[in-house]
Structures are given as structure tokens and as C-alpha cells.
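# Structure assessment
Here is what each chain is made of, one letter per residue.
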Amino acid sequence: MSFSPNDLAIYGLILVIGLCLGLMMSGSGKWKTRYRDMKTERDAALNERKALERERDIRIDAANKRIAELERDGRAGIGAGTAAAVAGGVRGADDLTLIAGIDRQREVQLNEAGISRFKQIAKLRADDELALEGRLGLPPRTIEQERWLEQADLLNRGKFEDHSAQFRSAHAV
């Protein structure tokens, strides 16, 4: 039997393909494991990026709304929600300064944003927190780090002593 050069080339190509397939299959799935690990890392990075982009967009929207309010008003001292803040004071509002991290100025800003009760702060969602931080000009995650929601929940339930003990509040109850 004689083989032509074309036959030898085809048999050589089949041999090389067979060797490659054999090496891939005998790798004990190492390449599959590496691929799966890299894919998991990539997916986690993409999810984190999307979350950061959502957070950025919420903060930008809140900042733009606040800028529009200030431009519309023309004065920084009186915000768009001043009427709501005054009405909240007349109706009776909670003393938000009991929450560590909220002073009188920030309380006025919260009132202007329509927040005058502990219950409202305790029920803030993550998106609302980001928007509120943007509106108040706070660094990201301030509300979470200062644990406003937890403090507001305790105060809303009337647990002033627990709040004072846990957060070492300098405010008199």
C-alpha cells in the first residue's frame, strides 16, 4: 500500500487533532474549573459594576433635583419643602435630633424633604437612602454607617433608654 502526500497530510492532521482532544479530555477538568472560576469572578464584577452604576445614577438624580430646587427658589436658606417643614412643626413632628448624626440644620433639611417622623426614617429603602444622602449633600453610606434606620426604629417604638444606651446619645430624653 502506498500513500500519496495528500493522504499523509490528512492522516497527520487527524493525528494532531486527536492528540489535542486527548490532552483536553485528560486534563481532569482543570480547564473547566478554571473557566468556571473566571466566569464566576467576571459575573460578580459585572454585578458589582451594575450596582455601583445604579447607586451613581440615584445620587446624580437626587443632586440634580436639589440643584433644580435651589435654582427655582433662588435662595439657599429656604428650600422647596419649607411649607411642609412648617406644617410638620405645627402638626407635631418627632425630634429627629435625637438620632445621632442629625443636628438642627439637618433636621430642617429632612423636614424640607418631607421627613418629620422617626417612622419615615425607619422605613427608608436603600434607594431612598441614596437619594436622601444626595439631597442632603452627605457622603455615600452615611445613613447606613450612622445607623439612622435602626435608631429611628428604636425611637419610634418609644425605646428611648435602649437608644440612649446603645448609641450613647448626648441628647436628654
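Our structure is the block above this text.
Presented here is an overview of the structure given in this document. Because the structure is predicted, anything quoted here is derived from the model rather than measured.

The subject of this paragraph is empty space enclosed by the protein. Summed over the entire model, instances satisfying the criterion amount to 2 cavities of 30 Å³ or more. Estimated volume of the largest cavity: approximately 50 Å³. The wall of the largest cavity is formed by R66, Q109, E112, A113, R135 and L136. For the lining of the largest cavity, the secondary structure elements donating two or more residues are α4 (104-112) and α6 (126-136).

Turning our eyes to something else, we now look at the side chain of D94. With respect to the helices, strands and loops of the structure, D94 is situated in the loop between α3 (82-91) and α4. Look at D94 and you get buried, because its relative accessible area is 19%. In terms of polar contacts, D94 uses its side chain to reach the backbone amide nitrogen of F118, at 2.7 Å. Once residues lying within four places of it in the same chain are set aside, the contact partners of D94 are E107, S116, R117 and F118.

Another point: the layout of surface pockets. Approximately 240 Å³ is the volume found for the largest pocket. Around the largest pocket sit 13 residues that line it, and A62, K65, A131, L132 and R135 are the ones nearest its centre. Secondary structure elements with two or more residues in the lining of the largest pocket: α2 (30-73) and α6. Broken down by element, the residue count for the lining of the largest pocket peaks at 6 residues, all from α2. Tallied by class, residues from the lining of the largest pocket come to 7 nonpolar, no polar and 6 charged. The volume enclosed by the second largest pocket comes to roughly 200 Å³.

For the structure on display, the rule yields 1 aromatic pair. An angle of 90 degrees between the planes, with centres 5.7 Å apart, marks the rings of F3 and Y11 as edge-to-face. Overall, the relative accessible area of 43% leaves F3 in the partly exposed class.

Now for the environment of R141. Tracing the backbone shows R141 in the loop between α6 and α7 (142-145). The exposure class of R141 is partly exposed, given its relative accessible area of 37%. Along the primary structure R141 and E129 are separated by 12 residues, whereas in three dimensions their C-alpha atoms are 8.1 Å apart. Once you skip the residues sitting within four places of it in the chain, R141 turns out to touch E55 and E133.

This part takes up the pattern of salt bridges. Applying the stated criterion to the full structure yields 12 salt bridges. Salt bridges sharing partners connect three or more residues here, namely K39, R42 and D43.

Each value, and the rule that gives it
Residues numbered from 1 in each chain as written. Predicted model: local features only at pLDDT ≥ 70, side-chain atom pairs only at ≥ 80, totals over all residues. Heavy atoms only, no water. 1 Å grid on protein atoms, 1.4 Å probe; cavity = no way out; pocket = protein on both sides within 12 Å on 5 of 7 lines; lining within 4 Å. Points joined across faces, edges and corners; volume = space filled by probe spheres on them. Helix = DSSP H or I, 4+ residues; strand = E, 2+ residues; numbered from the N terminus. Buried < 20%, exposed > 50% of the residue type's maximum accessible area, 1.4 Å probe, protein only. Polar contact = N/O pair within 3.5 Å; in protein donor to acceptor, adjacent residues only side chain to side chain. Contact = heavy atoms within 4.5 Å. Nonpolar A, V, L, I, M, F, W, Y, C, P; charged D, E, K, R; others polar. Phe/Tyr/Trp six-rings, centres within 6.5 Å; stacked < 30°, edge-to-face > 60°. Salt bridge = Lys/Arg side-chain N within 4 Å of Asp/Glu carboxyl O.

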